[in-house]
Amino acid sequence: MFDPEIETLPWREQVRLDDQFYRQQIEYLLARSRFYRRKLEAAGFATADKIGGLAAIAELPLTEKSEIRANCSAADPMGTHVAAPSSEIVRIYSTSGTTGTPSYIPLTAGDLDNWVTTSARSYSASGIRPGDVIVSTYNAGPFVAGAALAAFDRMGLCHIPVGTGNTERLMAAIRLLRPAAAVMTPSYAVYLGEWAAERDFDLRGSSVRRLLVAGEPGGGEPKFRARLEEAWGAKVTEAMGIGDIGVSLWGECEEQCGMHLGARGFVHAELIDPETAAPIALEDGARGELVLTHLQHRAAPMLRFRTRDHVEMWTSTCRCGRTAPRVRCIGRTDDLLIVRGVNVFPSAIRDVVNEFAPAVSGVILVRPIATGPRQEPPLPVSVELGKDSEGGPGLAANIEKRIREVLVVSTRIEVLPWGSLQRSEYKSKLVQRVE
Ligand SMILES: [Zn+2]
């Protein structure tokens, strides 16, 4: 463990500490953040006394990403929620954003240090040890993933940054420098598995024994994970963060039963019903949208930030000894489809389709017809055949039947030859909407 004393602290002790941090954070927000002062006042919470402690946090309004964007202007390019004076800002990251305008994420030296600590805890959970060699494939540049890379130094690893987009160079580094671990998106890990198979590159026989995946859901889907582990001959664990809150907030341990909150003490996690925003109790098997609150942040702290990530959560003790709750990401709100009242995420469809490997390649594309989440059945899904697979007559019908059994959703499976769907060296698109 990176911080054994902290990571094994009984959770109720953590909650007690977090309550103190939270009360200080609230005082700080009311004093320093124009955005939150206004927002909380408008909701009837003008003073710290009115707001109270963590036990009452669910009474406060949620923060949507769109509100943060709306508070950015030429006068306040980073937003009116920024709470630290510009003299204290040491780094400004960007998120790529879907609307074209980037959103900026400023950090103080202390914020950055907490991010690196968080990330070091989360990646250490994978079992990687000081002195191990790790190859990374993130073109972090302006993006928050850069702070995750700094965690590798903090952990005492030998880090070989290779970046995305140059598979030859990555494979040469694996062959010649013999890293024990590699970090990448799950999509790129799949792509590399196929790349190696086509070239008789012995990926399974390579030095890589741990594959750390992050950046999108997938690494925790059981069938998807099993296929990755098979292709690489390596143990797959995942990590997850969100730009506005922090990098690698969550990191999975060697037990592979969900990602622990590496950001404990820095971030408070809640679950809500994504439709009604009602709080959902944290317990084993609870499902909902993650809502995160900074506890010790200075530059641009967030209060009850809606992540749009839908997760399953576990709070029971993990065999690894870490006491922090664990999550597995099921999907993003933007990808959610509601087929005759049943919620389904494309990643769940992919995991069922993967049961049919090697007849299928595992690459799928969901093609909803209606705009918005609500769809009439059957939901069209393109499924790609595995390499050298003929498919066989009943394949599409069998996949449809299996999806109906597992997900209670009616689909229309279109089977495509191997190689017809686009591979990604970064993140996969699982849904293609009609223009
Ligand atoms: Zn664990």
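Residues numbered from 1 in each chain as written. Predicted model: local features only at pLDDT ≥ 70, side-chain atom pairs only at ≥ 80, totals over all residues. Heavy atoms only, no water.

Q: Got a sec to walk through the overall build of the protein chain? Specific residues and values, please.
A: Helix and strand content of the protein chain: 12 helices and 20 strands. Here the C-alpha atoms of the protein chain give a radius of gyration of 22 Å, agreeing with the 22 Å that 2.2 N^0.38 yields for 435 residues. Judged by the C-alpha coordinates and their principal axes, the protein chain covers about 65 × 55 × 45 Å. Here the protein chain holds 435 residues, and the buried ones make up 54% of them. Restricting the contact set of the protein chain to residue pairs at least 6 apart, pairs at least 24 apart contribute 68%. Entry remark: accessible area of the protein chain is about 18700 Å², with carbon and sulfur atoms responsible for 51%. Of the side chains in the protein chain, 50 bear a positive and 53 a negative charge, and the two mean positions are spaced by 1 Å. (Helix = DSSP H or I, 4+ residues; strand = E, 2+ residues; numbered from the N terminus. Rg over C-alpha atoms; globule rule 2.2 N^0.38 Å. Buried < 20%, exposed > 50% of the residue type's maximum accessible area, 1.4 Å probe, protein only. Contact = heavy atoms within 4.5 Å. Areas by Shrake-Rupley, 256 points an atom, 1.4 Å probe, with all protein chains shown as cover. Lys, Arg positive; Asp, Glu negative; His and termini not counted. Charge placed at Lys NZ, Arg CZ, Asp CG, Glu CD.)

Q: Report on the sheet that holds strand S15 (residues 337-339), specifying residues and quantitative values.
A: In space, the 3 strands of this open sheet follow the order S16-S15-S18, with mixed pairing throughout. The sheet terminates laterally at strand S16 (342-344) and strand S18 (374-375), the two strands that pair on one side only. Direction of pairing for S15 relative to S16: antiparallel, over a ladder of 3 bridges. In the sheet register, Val339 faces S16, and the bridge partner there is Val342. (Pairing = 2+ DSSP bridges.)

Q: Quick rundown of the coordination of the zinc ion? Include the residues and the values.
A: Tetrahedral metal sites with four donors have an ideal angle of 109.5 degrees; octahedral sites with six donors have ideal angles of 90 or 180 degrees. Coordination of the zinc ion by the protein is provided by Cys253 (SG), His260 (NE2), Cys318 (SG) and Cys320 (SG), with metal-donor distances spanning 2.1 to 2.3 Å. Considering all 4 donor atoms around the zinc ion, angles at the metal cover 101 to 115° and the coordination shape is tetrahedral. Here the donor residues for the zinc ion map to a single chain with the spacing C-x6-H-x57-C-x1-C. On the criterion of sequence distance, the pair formed by His260 in strand S9 (residues 259-261) and Cys320 in the loop between strand S13 (305-314) and strand S14 (326-332) is long-range, its members being 60 residues apart. Here Cys320 falls in the partly exposed class, since its relative accessible area comes to 21%. (Donors = N, O, S within 2.8 Å, 3.2 Å for Na, K, Ca; no water. Tetrahedral: all angles 85-135°; square planar, octahedral: opposite > 155°, others 65-115°.)

Q: Tell me about the UniProt feature "domain: AMP-dependent ligase C-terminal" (unreviewed entry) in the protein chain, and please be specific about residues and values.
A: Residues annotated in UniProt with the feature "domain: AMP-dependent ligase C-terminal" (unreviewed entry) correspond here to residues 341-431. Along residues 341-431 the backbone is 23% helical and 27% strand, and the end-to-end C-alpha distance reaches 19 Å. (UniProt positions renumbered as here; feature names shortened; annotations may be inferred.)

Q: Outline the side chain of Arg121, supporting the account with residue identities and numerical values.
A: Residue placement: Arg121 occurs in helix H6 (residues 109-124). According to the relative accessible area criterion, Arg121 is buried, its value standing at 4%. In this structure, Arg121 is in contact with Phe2, Asp3, Ile6, Glu7, Gly262, Ala263, Arg264 and Phe266, ignoring residues within four places of it in sequence.

Q: Describe the domain arrangement of the protein chain, and please don't skip the residues or the numbers.
A: Under the domain assignment, the protein chain is made up of domain 1 (1-332) and domain 2 (337-416). Counting from both sides, the interface comprises 14 residues of domain 1 and, opposite them, 14 residues of domain 2. Around 1100 Å² of area is buried between domain 1 and domain 2 when both sides are counted, 49% of it from carbon and sulfur atoms. When the area that domain 1 buries against domain 2 is broken down by residue, the three leading residues are Glu221, Lys223 and Arg227, summing to 44%. Put simply, domain 1 and domain 2 have 1 salt bridge between them. With a closest N to O distance of 2.9 Å, Glu221 and Arg350 form a salt bridge. Our count for the domain 1 to domain 2 interface comes out at 6 residue pairs in polar contact (both at pLDDT 80 or more). Every element with two or more residues in the side of domain 1 that touches domain 2 is listed here: helix H9 (186-198), helix H10 (222-232) and S14. At 4 residues, the largest contribution of residues to the side of domain 1 that touches domain 2 is made by H10. (Domains from an automatic or database assignment. Buried area = accessible area lost by both parts, 1.4 Å probe. Salt bridge = Lys/Arg side-chain N within 4 Å of Asp/Glu carboxyl O. Polar contact = N/O pair within 3.5 Å; in protein donor to acceptor, adjacent residues only side chain to side chain.)

Q: An account of the nonpolar core is requested, with residue identities and associated values reported.
A: Judged by nonpolar contacts, the single largest core of 37 residues is most densely connected at Tyr22, Trp250, Leu290 and Leu292. Ranked by the residues each element gives to this core, the list is headed by helix H2 (residues 11-32), at 4 residues. Filtering out sequence-adjacent residues up to four positions away, Leu290 remains in contact with Met240, Trp250, Ala269, Glu270, Leu271, Phe305, Arg306, Thr307, Arg308, Asp309, Val311 and Met313. The next biggest cluster of nonpolar side chains, apart from the first, holds 26 residues, and it includes Ile105, Leu112, Val116 and Met155. (Core = buried A, V, L, I, M, F, W, Y, C linked by side-chain atoms within 4.5 Å.)

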